[in-house]
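Here is how the chains run, residue by residue.
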2 protein chains.
Amino acid sequence: MALGKDYEGQDCSLARALELVGERWTLLVIRDAFYGVRRYSDFVAHLDIPRAVLADRLAALTAAGVLERRRYQQSPPRDEYVLTPMGRDLWPAVHALSRWGGRYLSPDGPSKLYTHALCGSPLDQAGTCPECGGPVPPEDVEARPVRPTACDRRDDPVTRLLEGPRRLLRPLTEPV
Amino acid sequence: MALGKDYEGQDCSLARALELVGERWTLLVIRDAFYGVRRYSDFVAHLDIPRAVLADRLAALTAAGVLERRRYQQSPPRDEYVLTPMGRDLWPAVHALSRWGGRYLSPDGPSKLYTHALCGSPLDQAGTCPECGGPVPPEDVEARPVRPTACDRRDDPVTRLLEGPRRLLRPLTEPV
DNA sequence: GTCTTTGAGTTCGTTCATCGAACCAACAGG
DNA sequence: CCTGTTGGTTCGATGAACGAACTCAAAGAC
């Protein structure tokens, strides 16, 4: 999508955002990054995304500055992908879309509840904390599944880790 | 995208939202609907979208309840597409993504400024009005181009109408 | 009454993206 | 030396998007 066939010549911020982040799978990769997923194999396991597509998306997001690729062990050399500040600033958009999907497209209501980790109250529609007032950065958000886990039809290690409440952006390897 | 090859079996609100709204062009159609575009030919003129794709997206959004198709004249029979309350609730997501694109992907900064029409102050990052406090519904948002119009490379009637400040959701045929 | 225009699509052949299964390479452990 | 793990790449088959041309119904112009 990004190359060649660009969205119109219009001077539009939304079109430019979608060029980068509007392709199939891309926002789900970013959502997983907020949940703490950082490694290629974990993205594959959790998303069931074709490997070639994942490699393509990770490269594009890294090139654009949404993700940063960093080495976390030397031998064998292994890299992980983490959200940059630019990537973390996608949180309001991800939260708004996710909330909308939970409200209108999920028969049983949203499956995850997002709360302000510092005070415990659930985020409101604008992504702000009604108690403390003001927006909540993603690192202060706690995601917890609403339903007793029964509704998850998946069974991979990443999904199982995400069944408990988790602070956003914490790597999967660390406890809550 | 929506059919058959659905995004994983996961119980995820974001995935469900993207099934409907994450396909190419769809969010741009919705943005145009916020700007007051309602007619097939106006969407085509403003977006340069392939006509078959537009017909497909309008049908899908109408079937899902994001748009409503309503007859605005009997002879010849003509319909227009307007956002339903469900569609209008996409405003926070559209605003957040658009703002992100303006901040990180637009060399000259955002091209449009969104203000609270009732008090005139620009919306903040969460889509709330810093003066009045609280979220601003899209019908109370005024969009105005920031730059002196020179940067628009397009030249169709719809673009020209959108060059002035406009209240969101007002049909293009009405003045501001 | 015929000619043309307008709005709202549909058709269709080409091109591009995605899918998924298999393959590859580098290192680690036994 | 063999096997397992991680992080990819390759490739043929399928599906979606592109865009130019075509359709159709109803007005309007002459």
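Please refer to the structure placed before this passage.
Here the structure is a predicted model, which is why all the values come from computation and not from measurement.

Rules of the game
Residues numbered from 1 in each chain as written. Chains lettered and ligands numbered in written order. Predicted model: local features only at pLDDT ≥ 70, side-chain atom pairs only at ≥ 80, totals over all residues. Heavy atoms only, no water. Helix = DSSP H or I, 4+ residues; strand = E, 2+ residues; numbered from the N terminus. Buried < 20%, exposed > 50% of the residue type's maximum accessible area, 1.4 Å probe, protein only. Contact = heavy atoms within 4.5 Å. Pairing = 2+ DSSP bridges. Phe/Tyr/Trp six-rings, centres within 6.5 Å; stacked < 30°, edge-to-face > 60°. Salt bridge = Lys/Arg side-chain N within 4 Å of Asp/Glu carboxyl O. Least-squares fit on C-alpha atoms with pLDDT ≥ 70 in both.

A separate point is the overall build of chain A. For chain A, the count of helices and strands is seven helices and five strands. Of the regular secondary structure in chain A, the N- to C-terminal order runs α-α-α-α-β-β-α-α-β-β-α-β. Taken over 176 residues, chain A has a buried fraction of 50%. Of all intrachain contacts in chain A linking residues separated by at least 6 positions in sequence, the fraction that spans at least 24 positions is 50%.

Bringing the pairing of strand S1 (residues 67-73) of chain B into the picture now. As a general feature of sheets, a regular strand has side chains that alternate between the two faces. All names here are of chain B. Pairing of S1 with strand S2 (residues 78-83), which is carried by six bridges, proceeds in the antiparallel orientation. Its bridge partner being in S2, Arg 70 is matched across the sheet by Glu 80. In sequence, S1 turns back onto S2 through a hairpin of four residues.

Residue and element names in this part refer to chain B. Scanning all chains against the criterion turns up six aromatic pairs over all chains. Note on Trp 100 and Tyr 104: the rings are 5.9 Å apart at their centroids and 45° apart in plane angle, and the pair reads as tilted. Here Tyr 104 and Trp 100 lie together in helix H6 (residues 91-104), a separation of four residues that amounts to about one turn. Of the residues examined, Tyr 104 reaches a relative accessible area of 28% and is grouped as partly exposed.

This paragraph deals with the sheet that holds strand S3 (residues 112-116) of chain A. Residues and elements named next belong to chain A. With antiparallel pairing, three strands are arranged side by side in an open sheet as S3-S4-S5. The open sheet has two free edges, formed respectively by S3 and strand S5 (166-167), since each of these has just one partner strand. Two strands pair when backbone bridges link them, and S3 and strand S4 (residues 141-145) are joined in this way by five bridges, in the antiparallel orientation. Pairing of Leu 113 across the sheet is with Arg 144, part of S4.

All names here are of chain B. Counted under the stated rule, the structure contains 19 salt bridges over all chains. Between Arg 38 and Glu 80 there is a salt bridge, with its nearest N and O atoms 3.5 Å apart. Of this pair, Arg 38 sits in the loop between helix H2 (26-34) and helix H3 (40-47) while Glu 80 sits in strand S2, and the two are 42 residues apart along the sequence. For the pair formed by Arg 38 and Glu 80, the shared burial category is buried.

On to the relation of the copies chain A and chain B, then. Overlay of chain A on chain B (RMSD 0.0 Å): rotation 180°, translation along the axis 0.0 Å. Viewed as a symmetry operation, the transformation between the two copies matches a two-fold axis. Take the interface residues of chain A: 100% of them recur as interface residues in chain B, which is what a same-surface contact looks like.

So yeah, pure geometry; function would need other evidence.
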